[in-house]
Amino acid sequence: MKKRLVTSALPYVNNIPHLGNLTQVLSADVFARFCRLKGYETLYICGTDEYGTATETRALKEGISPRELCDRYHAIHRDIYEWFNIGFDYFGRTSTEAQTEIVQDIFNRMDKAGYVNEHEMEQLYCPKCERFLADRFVEGTCPHCHAEGARGDQCDNCQTLLDPIELIDPHCVVCGTTPVVKKTKHLYIDLPKALPLLESWMENASKEGFWANNAIQVTKSWIRDGLKERCITRDLKWGIPVPKPGYEKKVFYVWFDAPIGYVSISANATKDWKKWWFDPDNTELFQFIGKDNIPFHTVIFPSCQLASGLDWTMLHHMSSTEYLNYEGGKFSKSLGIGIFGNDVQDTGIPADVWRFYMFYNRPEKSDVTFTWADFQEKVNGELIGNLSNLVNRTLTFVKRFYEDEALFDAPIDSDLHAQIVEREKKIDSFMERAEERDALRQIISLSSLGNKAFQAGEPWKMHKEQPEKAMSLLKTLVYLIRDLAVMVQPFMPETSLKMLSFLHAENTNWNDLGNWEGIQGIGDVSLLFTKLEDSLIEQLRTRFSGSQEEREQKKTKELEKTMDQKEDQVSLAEQFASRVVLKVAKITNVEKHPRGDKLYILTLDVKEEEPRTIISSIVPYYKEEELQDQNIVLVSNLKPANFRGEKSYGMLLAASDPDAEEHTTCEVLFAPQFEVGSVLTPEGFSPVEEKLPYIKADHFFSMPIYTESGVVKIDGKPIGKDGVALTAKKYLNGPVG
Ligand SMILES: Nc1ncnc2c1ncn2[C@@H]1O[C@H](COP(=O)(O)OP(=O)(O)OP(=O)(O)O)[C@@H](O)[C@H]1O
């Protein structure tokens, strides 16, 4: 038996995975669990794909380093997969030393063998940052629809793909400077030269490894259309340095290094990684991805492997799914549409139930849609009404009428046994080909066969009229349940263990299927699942409708309404305490807004999961160094607003001179006396426990705060914490806003 190396698409780090993305990690998990259960030496690796423009620009926006951003999201991914009970042998990441070493080594080999070419091109260059601008580092006006804020690679308004040089009035997103066009060199993989190697490999590999049909079609069409050279260098900082003179300021393009992540993550998982990656005669590589990733796995990465001249373990089986859609539309990370890994955890529905439906509805050969109605129907009908029902009715019946071991001395029903074994073989061959949806549907239909046999055998009558026959049927059904428990193990590991524990049969494996001996009695039996009630499903459907942003807005409106009703009857201080969250924050970064003379972009540490960005119009009053590292007070639930293209998530408190004209004086209320993260309230009020909804700016300003002898107050009550008040130094008696 060859070893099995299993990988699932490396999720891109800077987002929370939705159910569509989860399809991939789950599919590989089911396959790896099956392989281990059947006795194959198996290594399942995955990890976050971390380099590239998207990470670098996002980190820049949030005022943190790409490494910090990746650390945060890597942990989010890890926790979500842990909740789904995904049994990686190792869940790593691509931003490691091993990745740099292996990527550079492969590149050097390809270069030496003549598969890397250099081409000169014109590109935008920022003279202030002294760097060439990668696509997303430049913005301007779209040459097609004339919308402002078009990115170098694409206009989000008209969706046209752009060359950054075409942009009207381009500017560098980092410093706002107008870039100039300059010549630069980039490196390209010579895919046309690797084509003959690829073609002959693909012809065999796709047949021997019974690739999914979409993988064969996409690969063939790439080959048929003729491969083009592909650029593998980018002008970024967050990436793997290109080990070639003249390329010191460039890194590898993320899609060149990402598939090599499978190799380096294995190297971080085990010191024996070469026995997995350089042992093609004894190792089979099974990869699980979504259809959009096919060419990177069947054309570009294999071409690089072949061009490097090493004796690689190459792709054996390609399990490339179609797409999972959501309630008639598409899942979307950028629009926040669908169900995301972190949402799933607080639905109260166990991981195994989700896992069941994800496979029952796996987009194996065509796109499929997640709908709450179908989810409820399949869980209640198939998982509970069929599988759980068979387990429960059979085992409780046996326990009730056959306390001694007599039942297990009875002969099995050989006809039923033969039918079961026949179907188990079919399930095994589906699993061997990673056709998991078909396998699970067959398992469920085998459970149906059991239910029908129970119904037809009428053991409630027969155990008196024909006790031998009843015992034979029940013993057969008990062993069927044991086999079902084994077969559902890759899909629903917790449920499988529970089922096996009913039979005191914990140590079984896939090779025991149909081989019926060893059960001596039945243990305690309990229900496997709880039915999904209409009310719960309706509640979840409403909760997850629209985008994540719309959901947030809806929640806010509802809370605002109840609060407005309450506010009519309470004092100003109480209104303030129940409506406004003031938090002490530390300014960790100060930058001028590239498109606003009076505006700073401030990054704040508020001791929350993520740092906050606020835009503050205090450039005329404070220099950058006067703000850097100061504690300030943030209105932390102020409704986010856009200031010249930058989003502001709150507002800092400042006092001003009551006699001066508006907006001509400003004293930021520094708060060194409080710890960062402290919540300040009017005296006599404790911080509100629950997360308050956003408050609109005009509502906030309708609750007047002021300084009185230097103490900040509302409605006569000092604002502060534990008897320490927030104070002003300059404008001792005046308004605060
Ligand atoms: N709706 C979907 N159904 C099934 N698989 C999907 C779906 N959307 C994405 N995938 C797959 O999920 C895996 C991980 O995706 P990844 O984290 O790279 O992000 P993505 O959703 O493809 O979007 P992007 O690359 O734009 O961030 C990939 O193999 C991708 O093909």
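Analysis parameters
- Residues numbered from 1 in each chain as written.
- Predicted model: local features only at pLDDT ≥ 70, side-chain atom pairs only at ≥ 80, totals over all residues.
- Heavy atoms only, no water.
- Pairing = 2+ DSSP bridges.
- Helix = DSSP H or I, 4+ residues; strand = E, 2+ residues; numbered from the N terminus.
- Expected span 1.5 Å × (residues − 1).
- Phe/Tyr/Trp six-rings, centres within 6.5 Å; stacked < 30°, edge-to-face > 60°.
- Lys NZ or Arg CZ within 6 Å of the ring centre and 35° of its normal.
- UniProt positions renumbered as here; feature names shortened; annotations may be inferred.
- Buried < 20%, exposed > 50% of the residue type's maximum accessible area, 1.4 Å probe, protein only.
- Contact = heavy atoms within 4.5 Å.
- Near = heavy atom within 4 Å.
- Polar contact = N/O pair within 3.5 Å; in protein donor to acceptor, adjacent residues only side chain to side chain.
- Areas by Shrake-Rupley, 256 points an atom, 1.4 Å probe, with all protein chains shown as cover.
- Nonpolar A, V, L, I, M, F, W, Y, C, P; charged D, E, K, R; others polar.
- Core = buried A, V, L, I, M, F, W, Y, C linked by side-chain atoms within 4.5 Å.
- Domains from an automatic or database assignment.

**Q** Hey, could you run me through the sheet that holds strand E10 (residues 230-231) in this one?
**A** Each strand in a sheet pairs with another by means of backbone hydrogen bonds, the pair being arranged parallel or else antiparallel. Read across the sheet, four strands follow the order E5-E4-E9-E10 without closing on themselves; strand pairing throughout is antiparallel. With partners counted over all chains shown, the strands left at the sheet margins are strand E5 (131-132) and E10, one partner each. Taken together, the ten bridges between strand E4 (residues 116-126) and strand E9 (residues 180-189) define a ladder with antiparallel strand orientation. Its bridge partner being in E9, histidine 119 is matched across the sheet by histidine 186.

**Q** Before we go on, may I ask you to explain helix H15 (residues 436-457) in this structure?
**A** Three or four residues apart is the spacing at which side chains of an α-helix point the same way, because the helix has 3.6 residues per turn. Taking 1.5 Å as the rise per residue, H15 with 22 residues should run 32 Å; its terminal C-alpha atoms sit 31 Å apart, in good agreement. Among the residues trailing H15, glutamate 458 stands out with phi positive, at a value near 40°.

**Q** So what exactly am I meant to see when it comes to the packing of aromatic side chains here?
**A** Aromatic ring pairs are described here by two measures, namely the spacing of the ring centres and the angle between the planes. In this structure the tally under the stated criterion is 38 aromatic pairs. Their ring planes at 20° and their centres at 4.7 Å tell us that tryptophan 354 and phenylalanine 375 sit as a pair that is stacked. One end of the pair, tryptophan 354, is in helix H12 (residues 351-360); the other, phenylalanine 375, is in helix H13 (residues 372-401), with 21 residues separating them in the sequence. Taken together through their ring pairs, the aromatic side chains of Tyr326, Phe331, Trp354, Tyr357, Phe370, Trp372, Phe375 and Phe544 make up a single cluster. Between lysine 193 and the ring centre of tyrosine 115, over which it is positioned, the NZ or CZ distance is 4.9 Å.

**Q** Before we go on, may I ask you to explain the UniProt feature "binding site: Zn(2+)" (unreviewed entry) in the protein in this structure?
**A** What UniProt calls "binding site: Zn(2+)" (unreviewed entry) maps, in this numbering, to Cys142, Cys145, Cys155 and Cys158. Spanning 17 residues, the annotated positions come together in the fold, the maximum distance between their C-alpha atoms being 8.6 Å. Relative to the assigned elements, cysteine 145 resides in the loop between strand E6 (138-141) and strand E7 (150-151). Here cysteine 145 falls in the partly exposed class, since its relative accessible area comes to 30%. Residues contacting cysteine 145, with those up to four places away along its chain left out, are Cys155, Asn157 and Cys158.

**Q** Please clarify how unusual backbone geometry should be interpreted in this entry.
**A** Residues other than glycine seldom take positive phi values, yet glutamate 130 does so here, at roughly 55°. Tracing the backbone shows glutamate 130 in the loop between E4 and E5. Here glutamate 130 falls in the partly exposed class, since its relative accessible area comes to 48%.

**Q** Any chance you could explain the site of the ligand here in plain terms?
**A** Around the ligand, 15 residues are found, and the nearest of them are Tyr12, Asp292, Asn293, Leu324 and Lys333. A distance of 2.9 Å separates an oxygen atom of the ligand from a polar backbone atom of tyrosine 12. Between an oxygen atom of the ligand and a side-chain N or O atom of asparagine 21, the distance comes to 3.0 Å. For the ligand, the protein covers 78% of the area, taking 590 Å² as the surface of the free molecule. Going through the elements one at a time, helix H1 (19-38) and strand E13 (283-290) are the ones with two or more residues in the shell around the ligand. The biggest single contributor to the shell around the ligand is H1, with three residues. Among the residues making up the shell around the ligand, the classes are represented as six nonpolar, six polar and three charged.

**Q** Please explain the nonpolar core as it appears in this structure.
**A** The tendency in soluble globular proteins is for nonpolar side chains to be buried as a group. Within the largest apolar cluster, 164 residues are counted, with the highest numbers of intra-cluster contacts made by Leu19, Phe256, Trp354, Phe370, Trp372 and Phe375. Both domains that furnish three or more residues to this core are identified here as domain 1 (3-115 + 188-342) and domain 2 (347-512). Listed in part, the 25 residues of the second largest apolar core include Met651, Ala655, Ile695 and Val736.

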